[in-house]
Amino acid sequence: MSADRIVVCGAGAVGASVAWFLARRGAEPLIVDRARPGAAASGKAAGFLALDWCLGTPLDGLMRASFGLHAEIADELGADRIGYRRTDALMVASADDGDVDGYARLDRPAWLDGNVAVHQVIGDRTTTAQVNPHALTTALVEDAVGRGATLRTGVVEGVDLDPGTGAVTGVIVDGEATPAAVVVLALGPWTSQAQRWMALPQVFGSRGASVVLAADVPGQVVFSEFLTGDGQRTQLEIYPRADGTVYVNGLSEHDSLPEDPDGIAPITASGDELHRRAGVHSTALRDAEIVARGSCYRPLTVDGIPLIGPVPDVPGAYLATAHASWGICNAPATGRMVAEMVLDGASRSLDAAPFALSRLPMGRIAV
Ligand SMILES: Cc1cc2nc3c(=O)[nH]c(=O)nc-3n(C[C@H](O)[C@H](O)[C@H](O)COP(=O)(O)OP(=O)(O)OC[C@H]3O[C@@H](n4cnc5c(N)ncnc54)[C@H](O)[C@@H]3O)c2cc1C
């Protein structure tokens, strides 16, 4: 194996996008994941995409660029293959008890026949869209492999550094040294493990539950301010998909992150409660069968902004992580930026300064 090889660690949506943009430029990266593409949050997320929902924040450019790139990826890989389609998005109010009609500003669609009041259209087919995140992540990796990348199943256990320069010389996978000149760490919430190998900013994981229902309803995404019978003000998100299913999320869970994404067991009570709350909105959802339950961790920084760029003082090491609730949406422009950093020496398509690692305290875990 070549010592100038590029190794992308983690095959979530972010690592898959990095590998895809590298492969399109003729690089032949090695992609290493301990499980499989989309094994973690990138296979369990809703897959909602927005154009301008981060207006006025450092994420605005990344999101706008990614929204356009998703449409280009759908053209190239096939919209049906990745579950891509434009959607409308509605803001509604709903409650277990009491009349919500006072919140109604708009007529409600026929399928929202429960205790629901529609008060705003917050997205339309020019500003909001969706993908099946597992299908997208898998397709990006498959296409990258078709262009010369290699996918390897294995646990990244360390990064070898030159003792003199501190530069990357290899990656340790399943105890075996693999020569490399460039390593891109796209490990999502597991990035914290890489603090044993080099000084990095802290990345946290925030766990959320989801459920997928078998129901064929119109392509209108619903963001609901939902008041529970015991007085909790909650948010429920309902995402109809083109394949005749509906993805629902909106419950936080609290548990420590297991080492292996396959060790994240869905909590039955969370899925049942999401189903129950969705059913308050629509009899089609109330009567639907649960076809999948999920739990996954959003990767987060303390300032809520992703980490995209070179690791200070470690030539050849890059980080692409911590996209919080927008990792599917913002993966493509992230992948393109990192490919430019690696192949051209700097991001040409977007200003990388807001995402620089040096803005946050960096630390290394002693082993
Ligand atoms: C309930 C929920 C709904 C969401 N909905 C949306 C949405 O609608 N739109 C949106 O844009 N975002 C959404 N998100 C956020 C999104 O899921 C994440 O931001 C995104 O998936 C993170 O992708 P990633 O590639 O950085 O990490 P991950 O998907 O976590 O991938 C990390 C990969 O690294 C691998 N790995 C870990 N450790 C090792 C190791 N030592 N060696 C090798 N491989 C390793 C894992 O196996 C995994 O495949 C949602 C998140 C949650 C929790």
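Residues numbered from 1 in each chain as written. Predicted model: local features only at pLDDT ≥ 70, side-chain atom pairs only at ≥ 80, totals over all residues. Heavy atoms only, no water.

Moving on to helix α1 (residues 13-24). The end-to-end C-alpha separation of α1 is 16 Å, in line with the 16 Å expected for twelve residues at 1.5 Å each. All of the buried residues in α1 are Ala 13, Val 14, Gly 15, Ala 16, Ser 17, Val 18, Ala 19, Trp 20, Phe 21, Leu 22 and Ala 23. Note on α1: the residue one or two positions beyond its end, Gly 26, has a positive phi of about 95 degrees. (Helix = DSSP H or I, 4+ residues; strand = E, 2+ residues; numbered from the N terminus. Expected span 1.5 Å × (residues − 1). Buried < 20%, exposed > 50% of the residue type's maximum accessible area, 1.4 Å probe, protein only.)

Turning our eyes to something else, we now look at the domain arrangement of the protein. For the protein, the assigned domains are domain 1 (6-78 + 131-203 + 301-359) and domain 2 (88-124 + 205-298). Counting residues at the interface gives 19 residues for domain 1, matched by 22 residues for domain 2. The contact between domain 1 and domain 2 buries some 1700 Å² in all, and 59% of this surface belongs to carbon and sulfur atoms. Of all residues in domain 1, the largest losses of buried area upon contact with domain 2 belong to Lys 44, Ala 46 and Trp 190, amounting jointly to 31% of the total for that side. (Domains from an automatic or database assignment. Contact = heavy atoms within 4.5 Å. Buried area = accessible area lost by both parts, 1.4 Å probe.)

A rise of 1.5 Å per residue sets the reference length of helix α8 (residues 331-344), with its 14 residues, at 20 Å; its end C-alpha atoms lie 19 Å apart and thus fit the reference within 8%. With respect to burial, α8 is a largely interior element, eleven of its 14 residues being buried. What α8 keeps buried is the set Ala 331, Pro 332, Ala 333, Thr 334, Gly 335, Met 337, Val 338, Ala 339, Glu 340, Met 341 and Val 342. Contacts from the buried residues of α8 go to β1 (6-9), α1, α3 (60-77), β12 (182-185), β18 (307-310) and β19 (317-321). Looking one or two residues past α8, Gly 345 carries a phi angle of roughly 95 degrees, positive in sign.

A few words now on the pattern of salt bridges. Side-chain pairs of opposite charge can arise where the charged atoms are in close proximity. According to the stated counting rule, one finds 18 salt bridges in the structure shown. Here Arg 81 makes a salt bridge to Glu 142, at a shortest N to O gap of 2.9 Å. Here Arg 81, found in helix α4 (residues 79-82), pairs with Glu 142, found in helix α5 (residues 133-146); they are 61 residues apart in sequence, far enough to count as distant. Residue Arg 81 is classed as partly exposed on the basis of its relative accessible area, which comes to 39%. (Salt bridge = Lys/Arg side-chain N within 4 Å of Asp/Glu carboxyl O.)

Interhelical geometry of α1 versus α5 gives an angle of 30 degrees and a closest axis separation of 8 Å. What the angle tells us is that α1 and α5 run roughly parallel. Where α1 crosses over α5, the handedness of that crossing is left-handed. Where α1 approaches α5, its residues Ala 13, Ala 16, Ser 17, Ala 19, Trp 20 and Ala 23 are matched on the opposing element by Thr 137, Leu 140, Val 141, Asp 143 and Ala 144. (Axes fitted to C-alpha atoms, helices over the stretch in contact; angles between N-to-C directions. Parallel < 35°, antiparallel > 145°, perpendicular 65-115°, else oblique. Left-handed = near helix turned anticlockwise from the far one by under 90°.)

As a further point, take the packing of aromatic side chains. For the structure on display, the rule yields nine aromatic pairs. Note on Trp 20 and Phe 21: the rings are 5.1 Å apart at their centroids and 85 degrees apart in plane angle, and the pair reads as edge-to-face. For the residue pair Trp 20 and Phe 21, the accessibility class agrees, reading buried in each case. When the centroid spacing of 5.7 Å and the interplanar angle of 50 degrees are considered together, the rings of Phe 48 and Tyr 239 count as tilted. Placement of the pair is Phe 48 in strand β3 (residues 48-50) and Tyr 239 in strand β15 (residues 233-240), with a sequence separation of 191 residues. Each of the two residues, Phe 48 as well as Tyr 239, counts as buried. (Phe/Tyr/Trp six-rings, centres within 6.5 Å; stacked < 30°, edge-to-face > 60°.)

With that out of the way, let us pick up unusual backbone geometry. Positive phi, close to 70 degrees, is recorded for Ala 322, a residue that is not glycine. Relative to the helices and strands, Ala 322 is located in the loop between β19 and α8. Of note, the phi angle at Ala 324 is positive, near 50 degrees, even though the residue is not glycine.

Time to look at the site of the ligand. Among the 34 residues in the neighbourhood of the ligand, the closest are listed as Asp 33, Ser 42, Phe 48, Ala 324 and Cys 329. Interatomic distance of 3.1 Å between a backbone N/O atom of Val 14 and an oxygen atom of the ligand. Contact between the ligand and Cys 329: an oxygen atom at 2.7 Å from a main-chain N or O atom of the residue. When the ligand is considered free in solution it has 1000 Å² of accessible area, and contact with the protein chains removes 99% of it. When residues of the shell around the ligand are traced back to their parent elements, those giving at least two are α1, β2 (30-33), α2 (41-44) and β17 (289-300). With three residues, the single largest contributor to the shell around the ligand is β17. Taken domain by domain, the shell around the ligand gets at least three of its residues from each of domain 1 (6-78 + 131-203 + 301-359) and domain 2 (88-124 + 205-298). (Near = heavy atom within 4 Å. Polar contact = N/O pair within 3.5 Å; in protein donor to acceptor, adjacent residues only side chain to side chain. Areas by Shrake-Rupley, 256 points an atom, 1.4 Å probe, with all protein chains shown as cover.)

All right, on to the packing of α1 against α3 then. Two measures define how a pair of helices packs: the angle their axes make with one another and the distance between the axes. The geometry of α1 relative to α3 is characterised by a closest axis approach of 14 Å and an angle of 65 degrees between their N-to-C directions. Crossing of α1 against α3: the hand is left-handed. Residues Trp 20, Phe 21 and Arg 24 of α1 touch α3, and the partners they reach there are Leu 69, Ile 73, Glu 76 and Leu 77. Per-class residue counts for the contact of α1 with α3 are five nonpolar, no polar and two charged. (Nonpolar A, V, L, I, M, F, W, Y, C, P; charged D, E, K, R; others polar.)

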